[in-house]
Amino acid sequence: MFPKINNTLGKWMLGTLATNCILTGKFLQMKALKFAKKFPKENNFKASNGWLEKFKKHHNLHHIKIHGKANSAPLEILPEE
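### A look at the layout of surface pockets
In this structure, the second largest pocket encloses a volume near 250 Å³. What lines the second largest pocket is a set of 14 residues, and nearest its centre among them are M1, F2, N6, W51 and K54. No other element matches helix 3 (residues 49–58), which puts 5 residues into the lining of the second largest pocket. Here the residues of the lining of the second largest pocket are counted per class, giving 5 nonpolar, 7 polar and 2 charged.

### What about the packing of helix 2 (residues 25–36) against helix 3?
For the pair helix 2 and helix 3, the least separation of the axes is 10 Å and the interaxial angle reads 105 degrees. As summarised for this structure, helix 2 and helix 3 are arranged roughly perpendicular, according to the angle between their axes. The segment helix 2 lies against helix 3, with G25, K26, L28, Q29 and A32 engaging N49, W51 and L52. Residue composition of the contact of helix 2 with helix 3, by class: 4 nonpolar, 3 polar and 1 charged.

### Some thoughts on the side chain of N6
Here N6 lies in helix 1 (residues 3–17). Within polar-contact distance, the side chain of N6 engages the side chain of W51 at 2.8 Å. Ignoring anything within four residues of it in the chain, the contact list for N6 reads W51, F55 and H59.

### Focus: the nonpolar core
Nonpolar side chains tend to gather and get buried jointly when the protein is soluble and globular. Counting residues in hydrophobic clusters, the biggest one holds 14 residues, and the most contacted among them are I5, L9, L28, A32, F45, W51 and F55. Those elements giving two or more residues to this core turn out to be helix 1, helix 2 and helix 3. Broken down by element, the residue count for this core peaks at 4 residues, all from helix 2. Here L9 is in contact with L28, K31, A32, F35, W51 and F55, once residues within four sequence places are set aside.

### As for the packing of aromatic side chains
Any pair of aromatic rings gets described here by the distance separating the centres and the angle formed by the planes. Tallying each qualifying case throughout the model produces 4 aromatic pairs. Between F2 and F45, the ring centres sit 5.0 Å apart and the planes meet at 75 degrees, which makes this aromatic pair edge-to-face. Taken together, the residues F2 in the segment before helix 1 and F45 in the loop between helix 2 and helix 3 connect sequence positions 43 residues apart. Relative accessible area serves as the criterion here: at 6%, F45 is assigned to the buried category. Between the aromatic rings of F45 and W51, the centroid separation amounts to 5.1 Å while the plane-to-plane angle is 90 degrees, which identifies the pairing as edge-to-face.

### Looking at the environment of A32
For A32, the location among the structural elements is in helix 2. Among the residues examined, A32 registers a relative accessible area of 0% and is labelled buried. Along the chain, A32 and L9 lie 23 residues apart, while their C-alpha atoms are 6.1 Å from each other. Excluding residues within four positions of it along the chain, A32 makes contact with I5, L9, F45 and W51.

Reading the values: rules and limits
- Residues numbered from 1 in each chain as written.
- Predicted model: local features only at pLDDT ≥ 70, side-chain atom pairs only at ≥ 80, totals over all residues.
- Heavy atoms only, no water.
- 1 Å grid on protein atoms, 1.4 Å probe; cavity = no way out; pocket = protein on both sides within 12 Å on 5 of 7 lines; lining within 4 Å.
- Points joined across faces, edges and corners; volume = space filled by probe spheres on them.
- Helix = DSSP H or I, 4+ residues; strand = E, 2+ residues; numbered from the N terminus.
- Nonpolar A, V, L, I, M, F, W, Y, C, P; charged D, E, K, R; others polar.
- Axes fitted to C-alpha atoms, helices over the stretch in contact; angles between N-to-C directions.
- Parallel < 35°, antiparallel > 145°, perpendicular 65-115°, else oblique.
- Contact = heavy atoms within 4.5 Å.
- Polar contact = N/O pair within 3.5 Å; in protein donor to acceptor, adjacent residues only side chain to side chain.
- Core = buried A, V, L, I, M, F, W, Y, C linked by side-chain atoms within 4.5 Å.
- Buried < 20%, exposed > 50% of the residue type's maximum accessible area, 1.4 Å probe, protein only.
- Phe/Tyr/Trp six-rings, centres within 6.5 Å; stacked < 30°, edge-to-face > 60°.

Shown next as C-alpha cells:
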C-alpha cells in the first residue's frame with residue numbers, strides 16, 4: 001500500500017543488517033516515518049503495528065531475543081574448543 005516507503009525502508013534495512021546491527025520494530029517504525037516525509041503522495045502513512053507486522057512478514061523478519069553480550073565478541077578472539 002505504501003510501495004515507495006516499503007522499498008526504501010527494505011533497502012536501508014538490508015544494508016543495516018549487513019553490518020550486524022540489531023533492529024527493533026520501534027526503530028523500523030521510526031525510520032519508516034522519516035522516509036515517509038520524502039514521499040508526499042504517501043502522506044497518510046502511520047507506521048502502525050499492523051503495517052510493521054506486514055513489513056516483517058514480507059521481509060521474513062523474526063523476533064530474536066539476545067541475552068547479555070551476545071554477538072559482541074569478535075569470533076577470532078574466542079577460544080577454540
